[in-house]
Amino acid sequence: MIYIETVVNAPIRRSFHRRQEPPPPLEDDDALQTFHYHLPPELEEIVEPGHLVWAPFGSQEIQAIVIRRAAVAPVPTKAILRLARPEPVLTPTQIALAAWIADYYAAPFASAIRLFLPPGLLSRPGAARSVRVRREWRIALALEPEAARRRLAVLGRDTDQARALAWLLEHEGASVSAAQLRAECGLRSESAIRTLAKRGVVRLEGRQVALAVDRAAATATLLSLRGADKYAPIVEALAEAGAPVWRHELCAKTNAPLSWLRKLFRAGVIAMQEDVFVRDPLLGRTFPADAPPVLTTEQEAVWRTIRTKGFEQPGGAAFLLHGVTGSGKTEIYLRAIAETLQRKRRAIVLVPEIALTPQTVARFAGRFPNQVTVIHSGLSQGERYDVWRSIREGRYAVVIGPRSALFAPVVDLGLIVIDEEHEATYKQDAEEWGGDKVFYDARTVARRLADMVGCPLIFGSATPSLETYYAAQKGEVILLEMAQRVMGHGKTNGEEAPYMELPPIEVVDMRQELRVGNRSLFSRSLASQLMETLAAREQAILFLNRRGAHTFVMCRDCGHVEECKRCTVPLTYHAEQGGRPARLVCHHCNQTYPAPVHCPSCKSKRIRFFGAGTERIEEAVKEILPEARVLRWDADTAAGKDGHERLLAAFANHEADILIGTQMIAKGLDLPLVTLVGVVAADIGLFLPDFRSGERTFQLLTQVAGRAGRSRRGGRVIIQTYRPEHYVIQAAARHDYHGFYARELAFRREHGYPPLRRMARLIYWDKRLDRVKLETKRMAATLRHRLKAMGVEGEASSLLGPVPAFFERYRGYYRWQLLLRAPDPSAVLRGLDIPLGWRIDVDPLTIL
């Protein structure tokens, strides 16, 4: 008998356990939460690891994924019932990587497995049907276009007028008497001929009848007489296409129902064939061709190293491409992909945000036409399934997307690129609502995947994360630096593109602005530069990492601040817009409340709105530049499918003069008309009680400053701050990453923070505060006992807490946390009983 080990698609309502020792992947089935079955004889030669099957589970039938075949089983087993899909849905590499993720991030194995599957693939009895391939009619002309038009003339009603006109068309050029025409067509009388003459279609000269219009007009009249003119647009659309057309595309052009198409099919005018329709998110899109430019001296040196150590030497290598904004990192990615494709392998390119995907896709698809696809959560379920299936079948050579694209089933993976690798969006957020998530970091998982398949991995950033740069300093990653900006726009006549200076940065002390009586959101310098920019018909970006109009609402009499009842955080005021009334919004749980007219505490009407968000910045711009065309890009305006692409296209096409946005606009956008960047409030986030607050602020300031001056027009940057002397502000103003890195690393070393020491954050959620306190206290005692038993308590390892999280309440839940510092947090957590309600965040990006 042949046994199999599976992961079942069913909720397991119990705590999950970690194994005590780190065995090889898939060694300990109890720790991995797997279930054993045996194969019926008819499936013994068919089922293999990665197959999706139906299996009995208690009184139900559920889907399960086969992890491996086994010679024995530790318990009595039942037979699986049948295959759910004929082909495996996971590869052996993906299964092994999922096991590693589950161990490293102290997560359930089933949750790690689900990372690799598109939404809707799995189904349970009683639930909605799993996503399937979409079948649709493909339609084409069955005849030559002219023959198809003639065939239409015999469809529809058979009237005297129609028969007479059809005979004249068939005998074009002939002149016949009315009596003869009546006899030839079997007309009841000559009245039909006289009616055609009155319509101007035929002429009567004495008793002779002839066509009075050209063939096209006569044919159109005939179709109308027969009631077949409604079919003409269908034939013309198919003739214009010159190839089979999907039914939904034809209906969009002609509005033809299926009944019309079936009638044309029965008449032999069109051919219809049902086929699988691939829901391609790039279908119908065209991208301008992108020819490889001549590399600069810096680029050539970097590319030579990557080609030698990453492609020509066995096993691949990991690289950190540290290049200033506009230094040409993307061209290095493109050269690496070209090399990968030449070696008959494929590539994954990760970008930090869906917002960056359209611009990246345009560049890459222009260089590699018909070989690029995109996959991300903004696609429909059907689109994601079809893209996943097409990738698995090897139809695409380059896959682009955010962190989840790393789990695409790419065949013969030969390269991984992580652009803007410093971005926090590469880490699954432990604060994100919803359970059953693995809080993985795509950068860490990518390094593991690259090692498993032996392919090169390229991290790229102008402001690398301290972890990656520290790894490069230790020699774990090969450091490649490009310190000069390249002229990226304009013709170079086949020569090496010239270098250009980074935009100068002016730091404005807003305290001094207050001293001279300027209480505006804009300093005098920024206001004047905005006016000059618009006068020169150039574009500006204003950056403020807050959306909404005002950040909190307070009563001036009693000091009451409006807070979310579920999250106990201040509510943000959003002004009336697009027919929506003014409202208060919680930016944690999205709960909305009506804007207050009096204080709920003391009933005073002296309500005041404090702080500024992107909506308030928009109002301030209109006050000084009423003629300016302003575009706001934040989570509110970019909502909906293609929202980011729509906003980016509008600004790139110069449909707006000023772009106001949050951190979305600081990520890799290349806009040649932007010559001014203004950071309205650089201090936001700088003083949060989080060890990464300085790093995040430096990265944001440096990245948003890099949006200016990317063409021959040059550029300038103005940073407004109340702390101009702060080392983060000063380093950003000098474009000095190395100076910032040295200062920040010294701070991290002094306080024992990553990358010098690793951490894990354990957060417990419950709606009752007493249970939260009791459970976190129990877990803290367990962990301290574990550290002592492992002999690592003290200088190398420590536990902080339990303490309330920075945002103690979220969506009605209380949240307390523990911070574990250890050389290997996964080893400490391995084997612990972790009840439901805990979220384990290994290598957290924030402790807020």
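Every value quoted in this text rests on a predicted model; they were computed, and no experiment measured them.

Rules used throughout
Residues numbered from 1 in each chain as written. Predicted model: local features only at pLDDT ≥ 70, side-chain atom pairs only at ≥ 80, totals over all residues. Heavy atoms only, no water. pLDDT = per-residue confidence, 0-100. Contact = heavy atoms within 4.5 Å. Helix = DSSP H or I, 4+ residues; strand = E, 2+ residues; numbered from the N terminus. Buried < 20%, exposed > 50% of the residue type's maximum accessible area, 1.4 Å probe, protein only. Pairing = 2+ DSSP bridges. Patch = residues over 30% accessible without salt bridge, like charges linked within 9 Å, V, L, I, M, F, W, Y side chains within 5 Å. Areas by Shrake-Rupley, 256 points an atom, 1.4 Å probe, with all protein chains shown as cover. Salt bridge = Lys/Arg side-chain N within 4 Å of Asp/Glu carboxyl O. Lys, Arg positive; Asp, Glu negative; His and termini not counted. Charge placed at Lys NZ, Arg CZ, Asp CG, Glu CD. Core = buried A, V, L, I, M, F, W, Y, C linked by side-chain atoms within 4.5 Å. Axes fitted to C-alpha atoms, helices over the stretch in contact; angles between N-to-C directions. Parallel < 35°, antiparallel > 145°, perpendicular 65-115°, else oblique. Nonpolar A, V, L, I, M, F, W, Y, C, P; charged D, E, K, R; others polar. Phe/Tyr/Trp six-rings, centres within 6.5 Å; stacked < 30°, edge-to-face > 60°. Lys NZ or Arg CZ within 6 Å of the ring centre and 35° of its normal. Left-handed = near helix turned anticlockwise from the far one by under 90°.

Moving on, we get to the confidence of the model for the protein chain. When pLDDT is averaged along the protein chain, the result is 83; 89% of the residues meet or exceed 70. Throughout residues 13–32 the model reports pLDDT below 50, and contacts reaching past four residues in sequence, or to other chains, amount to 52 contacts.

Between Pro754 and the following residue, Pro755, the backbone shows a cis peptide bond with an omega angle of 10°. Tracing the backbone through its elements, the reader meets Pro755 in the loop between α23 (737–751) and β33 (759–766). Cis peptide bonds are those with omega within 30 degrees of zero, and the linkage from Gly801 to Pro802 qualifies with 10°. Inspection of the secondary structure puts Pro802 in strand β34 (residues 798–810). Even without glycine at this site, Arg537 takes up a positive phi of about 60°. We classify Arg537 as exposed; its relative accessible area is 64%. Phi at Lys603 is positive, roughly 70°, even though this residue is not glycine. Among the secondary structure elements, Lys603 is positioned in the loop between β27 (592–594) and β28 (607–610).

Time to look at the sheet that holds strand β4 (residues 52–57). The five strands lie next to each other as β3-β1-β5-β4-β6, forming an open sheet whose pairing is antiparallel. Where the open sheet ends on each side, the last strands, each with one partner, are β3 (35–38) and β6 (82–83). Both β4 and strand β5 (residues 60–70) contribute to a ladder of six bridges, which runs antiparallel. Looking across to β5, one finds that Val53 is bridged to Ala64.

Together, Arg157, Lys230, Arg262, Lys263 and Arg266 line one region of the surface with positive charge. Take Arg266: it is sitting in helix α10 (residues 258–266).

Our focus in this paragraph is the nonpolar core. In terms of nonpolar packing, the biggest core is built from 118 residues, with Ile101, Ile416, Leu762 and Leu829 touching the most fellow members. Among the elements that line this core, the one with the most residues is helix α1 (residues 92–104), at eight residues. Not counting residues within four places of it along the chain, the set of residues in contact with Leu762 comprises Met779, Leu783, Trp816, Gln817, Leu818, Leu820, Leu829, Trp838, Arg839 and Ile840.

Moving on to the environment of Ala365. Examined against the element boundaries, Ala365 turns out to sit in helix α13 (residues 357–367). The exposure class assigned to Ala365 is buried, which follows from its relative accessible area of 8%. A sequence separation of 77 residues divides Ala365 from Pro288, and the C-alpha atoms of the two residues are 8.4 Å apart. Setting aside anything within four residues of it in sequence, one finds Ala365 in contact with Phe287 and Val372.

Another aspect to go through is the pattern of salt bridges. Overall, the coordinates contain 37 salt bridges when judged by the stated rule. Between Asp736 and Arg734 there is a salt bridge, with its nearest N and O atoms 3.3 Å apart. On the accessibility criterion, Asp736 (22% relative accessible area) is partly exposed. Through salt bridges that share partners, Arg279, Asp386, Arg389, Glu393 and Arg395 make up one connected network.

In this section: the pairing of β5. Here six bridges tie strand β1 (residues 3–8) to β5, and the two strands are oriented antiparallel to one another. Note that in β5 the partner of Val7 across the bridge is Ile65. What sits between the antiparallel neighbours β4 and β5 is a turn of two residues, in which Gly58 has the positive phi angle 65°.

Before going further, it helps to spend a moment on the sheet that holds strand β37 (residues 838–842). Spatially, the four strands line up as an open sheet ordered β34-β35-β33-β37, and their pairing is antiparallel. Only two strands of the sheet have a single neighbouring strand rather than two, namely β34 and β37. Recorded for the sheet is a direction-independent mean angle of 20° between the axes of neighbouring strands. Bridging between β33 and β37 involves five bridges; their strand directions are antiparallel.

A separate point is the packing of helix α16 (residues 466–473) against α23. Closest axis-to-axis distance for the α16/α23 pair is 11 Å, and the angle between their directions is 95°. As the angle between them shows, α16 and α23 are arranged roughly perpendicular. Here α16 contributes Leu466, Tyr469, Tyr470 and Gln473 to the contact with α23, which in turn contributes Tyr737, His738, Phe740, Tyr741, Glu744, Leu745 and Arg748. Class assignment for the residues of the contact of α16 with α23 results in seven nonpolar, two polar and two charged.

Turning our attention to the packing of aromatic side chains. One pass over the structure, following the stated rule, counts 17 aromatic pairs. Taking 5.1 Å as the distance between ring centres and 70° as the angle between the ring planes, the aromatic pair formed by Tyr469 and Tyr737 counts as edge-to-face. Separated by 268 residues along the polypeptide, Tyr469 in helix α16 and Tyr737 in helix α23 bring together distant segments of the chain. Just as Tyr469 is buried, Tyr737 falls in that class too. Seen in terms of ring centroids, Tyr764 and Trp838 are 5.1 Å apart; in terms of plane orientation they differ by 50°. Their pairing is tilted. Of this pair, Tyr764 sits in strand β33 while Trp838 is found in strand β37, placing the two residues 74 residues apart along the sequence. Above the face of the Trp765 ring, Arg815 is positioned so that its terminal group lies 5.1 Å from the ring centre. Arg821 extends its terminal NZ or CZ atom over the ring of Tyr753, reaching a point 5.6 Å from the ring centre.

We now examine the packing of helix α4 (residues 160–170) against helix α7 (residues 215–226). Relative orientation and spacing of two packed helices are given, respectively, by the angle between their axes and the distance between those axes. Where α4 meets α7, the closest approach of the two axes is 9 Å, and the angle between their N-to-C directions is 155°. One way to sum up the angle between α4 and α7 is to call them roughly antiparallel. Regarding α4 and α7, the two cross each other, and that crossing is left-handed. Judged by residue contacts, Gln161, Ala162, Arg163, Leu165, Ala166 and Leu169 of α4 engage Arg215, Ala218, Thr219, Thr221, Leu222, Leu225 and Arg226 from α7. Within the contact of α4 with α7, the residues separate by chemical class into seven nonpolar, three polar and three charged.

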